[in-house]
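Commentary on secondary and tertiary structure
Here's the letter readout for the chains.
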Amino acid sequence: MRILHTSDWHLGRSFHRESLIGAQAAFIDHLVETIRAERVDVVAVAGDLYDRALPPIDAVRLFGEALARIRDTGARAVLISGNHDSMVRLAYAAELIDTSGVHLRSSLDTVGRPVLVDDEHGPVAFYGIPYLEPEIVRHHWDLPDRSHATALGHAMELVRSDLATRPAGVRSVVLSHAFVVGGEPSDSERDITVGGAAHVPAGVFDGVDYVALGHLHGAQRMAAGVRYSGSPLAYSFSEEHHVKGSWLVELSADGLSGAEFVPAPVPRRIARIRGRIDDLLAAPEWERYTGHWLQITLTDPVRPGFPMDRLRERFPHALHLDFAPEGGPADDGVSWAERIAERSDPDLVLDFVGWARGTAATPAERRLIQTAFERLRAREAGR
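What comes next is a walk through the structure. Computed from a predicted structure; not experimentally measured.

This brings us to the sheet that holds strand E12 (residues 210-214). Within the open sheet, the six strands sit side by side as E7-E8-E9-E12-E14-E13. Their pairing is mixed. Edge positions in the sheet fall to strand E7 (115-119) and strand E13 (220-223), since each has one partner strand and no second. Taken pair by pair, the neighbouring strands of this sheet meet at an average axis angle of 20 degrees, ignoring direction. With respect to the sheet, helix H6 (residues 148-164) is in contact with strand E8 (122-129) and strand E9 (171-177), its orientation differing from that of E8 by roughly 160 degrees.

Written as structure tokens, this is what we have:
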């Protein structure tokens, strides 16, 4: 069986106010071409289908077209919701849609109930585990705590319990949207920290043949059979060195037999450059960046006048401008995105409280802020 593992489409997302819907449509074209050329049997999409719970109309239209085109190739599709998606909305009419060969798994009630797809060696069980918001699943499954590890651990117990009832030799694939220990994040993933812990160990997935992961936007291998496909497009400048694409996975009679990375088309390259404005505008070495989407950091000792207007004469696709004067207090080579990379949303609010008031938040205030973010995420997940 040939499986195409993709994730994190984020349909409807923009890049520094630049619409990406055309680039996302081009990726769907590439995906369909790959399915046909590689004779793919199943497309596995591991969450964050949309960029937000209430996506724009053009994103909904593109998603519907993508599903219809995948179905028309003859391939089956298994998709799960991610932390950017609405579990409730994506679960709508899922049982009816199943009959078309497109299987949306966005409900806690379907965890542990596989989609069965046969090949010449017998059935393969595809288990969809949507993004598990700990505060929601703790009540639904009556769990002892609200950690990601506990939530996903329970989900995998349901998977293994079902697998144990099936004949020996049944192969299995899990789709999961989570932050696995050791994964390399970028600046464009939404924080899912709960109580200081967002990570789950890769060992939680033991016992299945392949795990198609979503959430992290860089393609990476956590183990031979545990992989992130990454997002199909770059959604932050921190992804300038990523190679985007999907995993083409092969299952033989005995399980995983190979995985090949299939690069996706690049609509426009991205880069981060820095220097004094006169040098950036005149030096030949910067010419190769004129077609890139750019994050530019100016190092002039004095802030130049009308810098973005001047820069766009040479770099028409410059999107973001920073200032780090040479010799000044900001001349540490660390961008704002890098400064906050290891900080959760509650931590950033607490930093602001300390800065604005001159004293750190009290333990009660810290709990209040943490609870507020958890309730916000739970409300978004249930929209």
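There's plenty left to go through after this.
Here we take up the packing of helix H5 (residues 134-141) against H6. Two measures define how a pair of helices packs: the angle their axes make with one another and the distance between the axes. At a closest axis distance of 9 Å, the pairing of H5 and H6 adopts a crossing angle of 50 degrees. If you check the angle between H5 and H6, you find them oblique. Crossing hand, H5 versus H6: left-handed. Side by side, H5 and H6 meet where Pro134, Val137 and Trp141 of the first sit next to His148, Ala151, His154, Ala155 and Leu158 of the second. For the contact of H5 with H6, the per-class residue count stands at six nonpolar, two polar and no charged.

What follows covers the packing of aromatic side chains. One pass over the structure, following the stated rule, counts six aromatic pairs. A cation sits over an aromatic face here: Arg227 above Trp247, 4.5 Å from the ring centre. Against the face of Phe323 rests Arg303, its NZ or CZ located 3.8 Å from the ring centre.

Counting 33 residues, the largest nonpolar core has Ile129, Leu132, Trp141, Leu152, Met156, Val174 and Phe205 as its most contacted members. Put simply, the parts of the chain that give this core at least two residues each are E8, H5, H6, strand E10 (179-180), E12 and strand E14 (226-228). If you tally residues by element for this core, the top one is H6, at six residues. Residues in contact with Val174, not counting those within four places in the same chain, are Tyr127, Ile129, Met156, Val159, Phe205, Val208, Tyr210, Val211 and Ala212. Counting residues in hydrophobic clusters, the runner-up holds 28 residues, among them Ile35, Val43, Tyr50 and Ala264.

The next point concerns unusual backbone geometry. A positive phi is found at Arg17, a non-glycine position, where the angle reads about 75 degrees. As for its position among the elements, Arg17 is in the loop between strand E2 (14-15) and strand E3 (18-19). Here Arg17 falls in the exposed class, since its relative accessible area comes to 75%. Positive phi is not limited to glycine here, since Asp48 has a value of about 55 degrees. Among the secondary structure elements, Asp48 is positioned in the loop between strand E4 (42-46) and helix H2 (57-72). A relative accessible area of 1% means that Asp48 is categorised as buried.

What counts and how
Residues numbered from 1 in each chain as written. Predicted model: local features only at pLDDT ≥ 70, side-chain atom pairs only at ≥ 80, totals over all residues. Heavy atoms only, no water. Pairing = 2+ DSSP bridges. Helix = DSSP H or I, 4+ residues; strand = E, 2+ residues; numbered from the N terminus. Axes fitted to C-alpha atoms, helices over the stretch in contact; angles between N-to-C directions. Contact = heavy atoms within 4.5 Å. Parallel < 35°, antiparallel > 145°, perpendicular 65-115°, else oblique. Left-handed = near helix turned anticlockwise from the far one by under 90°. Nonpolar A, V, L, I, M, F, W, Y, C, P; charged D, E, K, R; others polar. Phe/Tyr/Trp six-rings, centres within 6.5 Å; stacked < 30°, edge-to-face > 60°. Lys NZ or Arg CZ within 6 Å of the ring centre and 35° of its normal. Core = buried A, V, L, I, M, F, W, Y, C linked by side-chain atoms within 4.5 Å. Buried < 20%, exposed > 50% of the residue type's maximum accessible area, 1.4 Å probe, protein only.

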